[in-house]
Amino acid sequence: MNLENLIVCRNLLSDKIFNPAANEFEIAAKLIEKAERLGLSGNLFRSYLIYALAHESNLVSETVEMSGGKIGGSLREIFKHDIEILFSSAMNFPLLENYQPTNTNKIEALTELETALENLRDAGEIADAFIAHYKKFGYGDIAAYRAFRWDSDAKNLIGIKHFENILLEDLIGYAHQKELLTKNTIAFLENKPANNVLLVGARGTGKSSGVKALVNEYFMRGLRLIQITKPQLKKLPEIMDALRKFASKRFIIFLDDLSFEESESEYKYLKSSIEGGVEARPENVLIYATSNRRHLIRETWRDRVDGQEELYRDDSVNETISLSDRFGLIIHYYAPTQAEYLEIIRHMLKKKNIALDEETLRLEGLRWEMSHSGRNGRTAQQFVNYYLGQN
């Protein structure tokens, strides 16, 4: 393999598979290992080359991301030069020509890229296909995962491999709430003005599920989710700065079940990040939060009585309610009606190819509700789990 003349893709040389000094048996062993782990198939050298160019960062992928999808003509020509070298390289190893891995699960974005490259032979067309891939999906874990968590020690994003596969169509009822949430998110994806969102209301009503479903629905349009914990709120400037370099993607920073005690100061970092800080929030980032409380900072009647030590009581009250006021869109979720609760159960059972008659559904569903925590989507799911386990 004549790879010494690579320019912008020289980082591949640190991979043993592309090391000119490695023998073919060593390369074959590595390729088989990668194929079984990543679900690569067909000509393993070509398949892994596509994966490596899509996953490992290079100057082209980084430039496309940071510029929001643009790339200069000169850089494209240099990338084309590297592509011609890489795709003219080959291995003469018959066992790896049509490999079928045990693990057939492959990254969704990689499958689409392989399809786009299937009949291309011209280096310029191949280079453009990779540029289009970087623009649509990004590179590395950003292209592979829908959701992430923030590693405070390493100061980077960690992909969540087993993200909940819930869709908007699985959320029964709350049509108005879903419409508000969806329209705001679509505006965000289309680079139109959009608001940070607070989803507030009864427990188990699908607030968190609605946000997760958005990411599954609009992943192909560049939407990603970053879930952070309350102690990580002080890291928000650091997190947002890291997301700036992925300008072609749109990120929802997700705060689930958010609330604060008066003694907790983390809410001030959130206030500053939403509005009022010196550094502007990146255009590709919004904050979505769920809470069971309309006012996110806990306040007691004692806080409102006269005679307490606070000299300017109104200032103290304004401080506690100002956080929720900074969310431009507040969506309220209420406990479902009996009919909606039973419809949720019916829908969940239908997905498992089970249909109960109306009377049995009503009696069993309501009996379960009365012995549990009331009517909501979570109670419905628990009933379905129980029914499936007993039948």
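Shown above is the structure to which this text applies.
Just so we're clear, the structure is a prediction, and the values are computed from it rather than from any experiment.

Student: Teacher, can you tell me more about the overall build of the protein here?
Tutor: Within the protein, the secondary structure is distributed over 15 helices and 7 strands. Out of the 391 residues belonging to the protein, those deemed buried represent 46%. Taking contacts inside the protein between residues at least 6 apart in sequence as the whole, the part at least 24 apart equals 78%. On the protein, roughly 20,300 Å² of surface is accessible, and the fraction owed to carbon and sulfur atoms is 48%.

Student: Would you mind going over the nonpolar core with me for this structure?
Tutor: Generally speaking, soluble globular proteins have nonpolar side chains that are buried together. L53, F79, F130 and I253 are the most contacted members of the largest nonpolar core, which totals 71 residues. Among the elements that line this core, the one with the most residues is helix α2 (residues 44–55), at 9 residues. Residues within four places of F130 in sequence aside, it is in contact with I50, L53, A54, F79, I83, F87, L113 and L117. Of all hydrophobic cores here, the second largest spans 25 residues; its members include L181, F188, L199 and F254.

Student: What is the right way to look at helix α4 (residues 73–88) in this model?
Tutor: Side chains that are three or four residues apart share a direction in an α-helix, a result of its 3.6 residues per turn. A rise of 1.5 Å per residue sets the reference length of α4, with its 16 residues, at 22 Å; its end C-alpha atoms lie 22 Å apart and thus fit the reference within 8%. Within α4, the full set of buried residues consists of L75, F79, D82, I83, I85, L86 and F87. The elements touched by buried residues of α4 are α2, α3 (59–66) and α6 (123–137).

Student: What exactly am I supposed to notice about the packing of α2 against α4 here?
Tutor: The description of two helices packed together rests on the angle between their axes and the distance between the axes. For the pair α2 and α4, interaxial distance at closest approach is 10 Å and the crossing angle is 150°. Regarding the angle of α2 to α4, the classification is roughly antiparallel. Contacts between α2 and α4 involve F45, R46, L49, I50 and L53 on the former and, on the latter, I83, L86 and F87. A class-by-class count of the residues in the contact of α2 with α4 yields 7 nonpolar, no polar and 1 charged.

Student: Would you take a moment to explain unusual backbone geometry for this structure?
Tutor: The bulk of non-glycine residues show a negative phi, and the bulk of peptide bonds are trans. Despite not being glycine, N191 has its phi angle at roughly 60°, a positive value. Positive phi outside glycine occurs at N353, with the angle close to 60°. By the element assignment, N353 lies in the loop between α13 (338–351) and α14 (358–370). The class of N353 is exposed, set by a relative accessible area of 73%.

How each quantity is defined
- Residues numbered from 1 in each chain as written.
- Predicted model: local features only at pLDDT ≥ 70, side-chain atom pairs only at ≥ 80, totals over all residues.
- Heavy atoms only, no water.
- Helix = DSSP H or I, 4+ residues; strand = E, 2+ residues; numbered from the N terminus.
- Buried < 20%, exposed > 50% of the residue type's maximum accessible area, 1.4 Å probe, protein only.
- Contact = heavy atoms within 4.5 Å.
- Areas by Shrake-Rupley, 256 points an atom, 1.4 Å probe, with all protein chains shown as cover.
- Core = buried A, V, L, I, M, F, W, Y, C linked by side-chain atoms within 4.5 Å.
- Expected span 1.5 Å × (residues − 1).
- Axes fitted to C-alpha atoms, helices over the stretch in contact; angles between N-to-C directions.
- Parallel < 35°, antiparallel > 145°, perpendicular 65-115°, else oblique.
- Nonpolar A, V, L, I, M, F, W, Y, C, P; charged D, E, K, R; others polar.

Bear in mind that shape data such as this cannot, by itself, settle questions of function.
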